[in-house]
Amino acid sequence: MPFWQVFAPENAFTDEDKEALAESITSMYTDFVNLPKFYVVVSYHMQPPNSTYVGGKPANNFVRILVDHIARRIVDQPELQALCMQIIETKIAPWVRDRGFDWEVHVDETPQELWRTQGLTPPAAGSDGERLWAEKNRAVPYDVVAAS
Amino acid sequence: MPFWQVFAPENAFTDEDKEALAESITSMYTDFVNLPKFYVVVSYHMQPPNSTYVGGKPANNFVRILVDHIARRIVDQPELQALCMQIIETKIAPWVRDRGFDWEVHVDETPQELWRTQGLTPPAAGSDGERLWAEKNRAVPYDVVAAS
Amino acid sequence: MPFWQVFAPENAFTDEDKEALAESITSMYTDFVNLPKFYVVVSYHMQPPNSTYVGGKPANNFVRILVDHIARRIVDQPELQALCMQIIETKIAPWVRDRGFDWEVHVDETPQELWRTQGLTPPAAGSDGERLWAEKNRAVPYDVVAAS
């Protein structure tokens with residue numbers, strides 16, 4: 001969590017671009033929510049021409065971003081939702097809007113209980129365990145009781 | 001919204017097929033719900049052999065369709081849900097069933113509040129803003145107050 | 001249902017591996033929930049290097065698994081949720097953990113009413129119709145009334 005899927009034209013981004021964009025996305029979650037860095041997974045699908053159609057027409061200058069949020073939920077919190085989307089737009093703008101791509105983003109929220117990383121149950125939001133994972137930047141065994 | 005992902009064998013569809021199927025899918029949302037055409041995004045994943053397995057066996061004649069609905073929700077409306085699925089089946093049949101593919105479709109509904117297109121908050125369902133976007137067939141600034 | 005997407009490095013799995021892992025995943029649903037085998041669809045996305053980034057860095061030894069559950073829901077059943085994730089981990093371990101990959105899994109639950117296979121409405125959970133589909137291992141017309 002979060003899991004980002006970026007669908008883009010096959011030559012839209014160099015490896016350096018992909019890393020810089022992934023770092024920008026990651027910074028959103030570490031700066032605002034204190035998530036462990038390694039929680040943020042960005043998967044690029046660099047697609048050949050005529051893979052994506054918008055309104056029934058080929059869209060070969062289009063970036064479509066699909067995000068699953070797992071570790072934090074902001075359902076029914078309109079101000080947080082608007083802020084979240086605003087931050088996403090700011091974080092992606094240099095690689096998407098500023099390069100002249102068309103784009104669209106949507107986020108889904110999936111159940112925190114149905115999520116494991118390295119086979120481990122992630123610690124509760126804001127817990128000592130989560131802070132430990134953030135500090136180590138990897139999934140390590142933690143004291144569930146102390147961390148809750 | 002909606003965002004369709006079509007997983008198909010790599011030679012299942014020509015570019016002409018992909019465009020015609022995307023147009024058929026788009027017509028469902030413009031004819032029945034008056035959505036702006038450009039809301040409808042179809043992303044094709046043309047997969048090499050042995051990419052998809054059904055019941056543990058390679059399924060190289062199988063089309064799997066995954067749809068995210070964002071702009072409209074029909075949870076707890078069984079008649080609308082059945083109608084929606086029936087229309088989907090009708091719209092895809094000429095390229096899927098009628099060509100002898102096996103197939104499966106499912107739809108998820110994701111939060112409307114966590115969605116932006118071209119960096120803009122889409123207008124409310126059925127609003128003047130949405131009608132403006134439909135008429136222009138693109139995201140343009142709109143009067144949020146007048147449109148609500 | 002269920003629909004598994006496995007994102008893996010392009011040479012992580014042979015065709016034999018993919019089939020064996022898909023069979024292992026399938027066994028989870030047939031052994032524990034008596035689902036028809038053909039309900040279980042596994043789609044592999046074998047990705048070139050520098051497709052996935054974890055914490056902003058290229059993750060070329062990483063397997064990311066995304067699962068949609070449709071036919072059964074276990075929201076608000078913490079024990080079943082924990083059991084489900086434990087079984088998933090056990091079923092994938094020989095191809096993922098035991099081979100030294102890093103990995104992460106999450107499951108979403110999507111509306112059962114918005115799902116069709118071969119154009120048919122799947123029978124109710126635990127119904128005679130579902131048992132018939134399991135026995136035939138394919139979608140066949142069934143008696144909705146008798147099956148409910």
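These figures come from a predicted structure and were not determined experimentally.

### Focus: the packing of aromatic side chains
Point 1. Applying the stated criterion across every chain yields a total of 27 aromatic pairs over all chains.
Point 2. When the centroid spacing of 6.1 Å and the interplanar angle of 65° are considered together, the rings of Phe13(B) and Phe101(B) count as edge-to-face. Placement of Phe13(B) in the loop between β1 (3–9) and α1 (15–33) and of Phe101(B) in the loop between α2 (78–92) and β6 (102–109) is noted, with a sequence separation of 88 residues between them. By the burial criterion, Phe13(B) is buried, and Phe101(B) matches it.
Point 3. A ring pair is formed by Phe38(B) and Trp133(B), whose centres lie 5.9 Å apart and whose planes are at 35°; its orientation type is tilted. Of this pair, Phe38(B) sits in the loop between α1 and β2 (41–47) while Trp133(B) sits in helix α3 (residues 128–136), placing them 95 residues apart in sequence. Each member of the pair, Phe38(B) as well as Trp133(B), is classed as buried.
Point 4. What links up through ring pairs into an aromatic cluster is the set Phe38(A), Tyr39(A), Trp115(A), Trp133(A) and Tyr142(A).
Point 5. Over the ring of Phe3(B) we find Arg64(A); its NZ or CZ atom is 4.4 Å from the centre of that ring.

### Some details on the pairing of β6(B)
Point 1. Counting buried positions over the eight residues of β6(B) gives seven, a clear majority of the element.
Point 2. Of the pairings in the sheet, the one linking strand β5 (residues 62–69) of chain B to β6(B) comprises eight bridges and is parallel in character. Residue pairing across strands places Val63(B) opposite Trp103(B), the latter belonging to β6(B).
Point 3. Once you follow β5(B) into α2(B) and on to β6(B), the crossover reads as right-handed.
Point 4. Where β6(B) lies against strand β7 (residues 115–117) of chain C, three bridges are found, and the strand directions are antiparallel. If you follow His106(B) over to β7(C), its bridge partner there is Trp115(C).

### What to know about the interface of chain B and chain C
Bring the parts together and some accessible area is lost; that lost area is often taken as the interface size.
Point 1. If you look at the interface, chain B gives 27 residues, while chain C gives 30 residues.
Point 2. At the boundary of chain B with chain C, total buried surface from both sides reaches about 2,500 Å², with 51% on carbon and sulfur atoms.
Point 3. Remark: the boundary between chain B and chain C carries two salt bridges.
Point 4. Lys57(B) is paired through a salt bridge with Glu19(C); the nearest N and O atoms lie 3.1 Å apart.
Point 5. The tally of links from chain B across to chain C stands at 16 residue pairs in polar contact (both at pLDDT 80 or more).
Point 6. Residue assignment for the side of chain B that touches chain C shows that the elements contributing at least two residues are β3 (52–54), β4 (57–58), β5, α2 and β6 of chain B.
Point 7. With eight residues, the top contributor of residues to the side of chain B that touches chain C is β6(B).
Point 8. Considered class by class, the residues forming the side of chain B that touches chain C number 12 nonpolar, eight polar and seven charged.

### Things to note about the interface of chain A and chain C
Point 1. Across the boundary between the two partners, chain A contributes 30 residues, which contact 27 residues of chain C.
Point 2. Counting the surface lost from both chain A and chain C, the interface buries some 2,500 Å², and carbon and sulfur atoms represent 51% of this.
Point 3. When the buried area of chain A at its contact with chain C is split by residue, Leu114(A), Arg116(A) and Gln118(A) rank highest and sum to 29% of it.
Point 4. If you look at where chain A meets chain C, you find two salt bridges.
Point 5. Measuring nitrogen to oxygen at the nearest pair gives 2.7 Å for the salt bridge that ties Lys57(C) to Glu23(A).
Point 6. Summed over the shared surface of chain A and chain C, the number is 16 residue pairs in polar contact (both at pLDDT 80 or more).
Point 7. Pairing analysis gives three bridges linking strand β2 (residues 41–47) of chain A to strand β3 (residues 52–54) of chain C, with the strands arranged antiparallel.

### Thoughts on the relation of the copies chain A and chain C
Point 1. If you rotate chain A by 120° and push it 0.0 Å along the axis, it lands on chain C with an RMSD of 0.0 Å. A rotation of that kind, with that shift, is consistent with a three-fold axis.
Point 2. With a heterologous cut-off of 20% or less, the 7% of interface residues of chain A that recur at the interface of chain C puts this contact in the heterologous class.

### Digging into α3(B)
Residues and elements named next belong to chain B.
Point 1. Among all positions in α3, only Gly129, Glu130 and Trp133 are buried. Here the buried residues of α3 occupy an arc of 100° about the axis, which is enough to place them on one side.
Point 2. Asn137 occupies a position one or two residues after α3 and carries a positive phi of about 55°.

### Overview of the environment of Asp31(A)
All names here are of chain A.
Point 1. Looking at the element boundaries, Asp31 is found in helix α1 (residues 15–33).
Point 2. By relative accessible area, Asp31 is classed as exposed at 53%.
Point 3. A polar contact of 3.5 Å, which involves the side chain of Asp31, links it to the side chain of Thr30.

### Re the packing of α1(B) against α2(B)
Residues and elements named next belong to chain B.
Point 1. The contact between α1 and α2 brings their axes to 9 Å, and the two run at 145°. For the pair α1 and α2, the sense of crossing is right-handed. Across from Leu21, Ser24, Ser27, Met28, Asp31 and Phe32 in α1, the residues of α2 making contact are Cys84, Ile87, Ile88, Lys91 and Ile92.
Point 2. Along the lines of polarity and charge, the residues of the contact of α1 with α2 split into seven nonpolar, two polar and two charged.

### Section: the relation of the copies chain B and chain C
Point 1. Of the transformation placing chain B onto chain C, the axial shift is 0.0 Å and the rotation is 120°, giving an RMSD of 0.0 Å.
Point 2. Interface overlap between copies: only 7% of the residues of chain B at the interface are likewise at the interface in chain C, consistent with a contact formed by different surfaces.

### Considering the pairing of strand β1 (residues 3–9) of chain C
Residues and elements named next belong to chain C.
Point 1. Counting buried residues along β1, seven of its seven residues qualify, which places the element largely inside the surrounding structure.
Point 2. Here β1 runs beside strand β2 (residues 41–47); their pairing, made up of seven bridges, is parallel. Looking at β2, one finds that Trp4 is bridged to Val42.
Point 3. Handedness of the crossover joining β1 and β2 through helix α1 (residues 15–33): right-handed.

Reading the values: the criteria
Residues numbered from 1 in each chain as written. Chains lettered and ligands numbered in written order. Predicted model: local features only at pLDDT ≥ 70, side-chain atom pairs only at ≥ 80, totals over all residues. Heavy atoms only, no water. Phe/Tyr/Trp six-rings, centres within 6.5 Å; stacked < 30°, edge-to-face > 60°. Helix = DSSP H or I, 4+ residues; strand = E, 2+ residues; numbered from the N terminus. Buried < 20%, exposed > 50% of the residue type's maximum accessible area, 1.4 Å probe, protein only. Lys NZ or Arg CZ within 6 Å of the ring centre and 35° of its normal. Pairing = 2+ DSSP bridges. Right-handed = clockwise from strand over helix to strand, strands pointing away. Contact = heavy atoms within 4.5 Å. Buried area = accessible area lost by both parts, 1.4 Å probe. Salt bridge = Lys/Arg side-chain N within 4 Å of Asp/Glu carboxyl O. Polar contact = N/O pair within 3.5 Å; in protein donor to acceptor, adjacent residues only side chain to side chain. Nonpolar A, V, L, I, M, F, W, Y, C, P; charged D, E, K, R; others polar. Least-squares fit on C-alpha atoms with pLDDT ≥ 70 in both. Arc of directions from axis to C-beta. Axes fitted to C-alpha atoms, helices over the stretch in contact; angles between N-to-C directions. Left-handed = near helix turned anticlockwise from the far one by under 90°.

Such coordinate-based values are descriptive only and should not be taken to indicate function.
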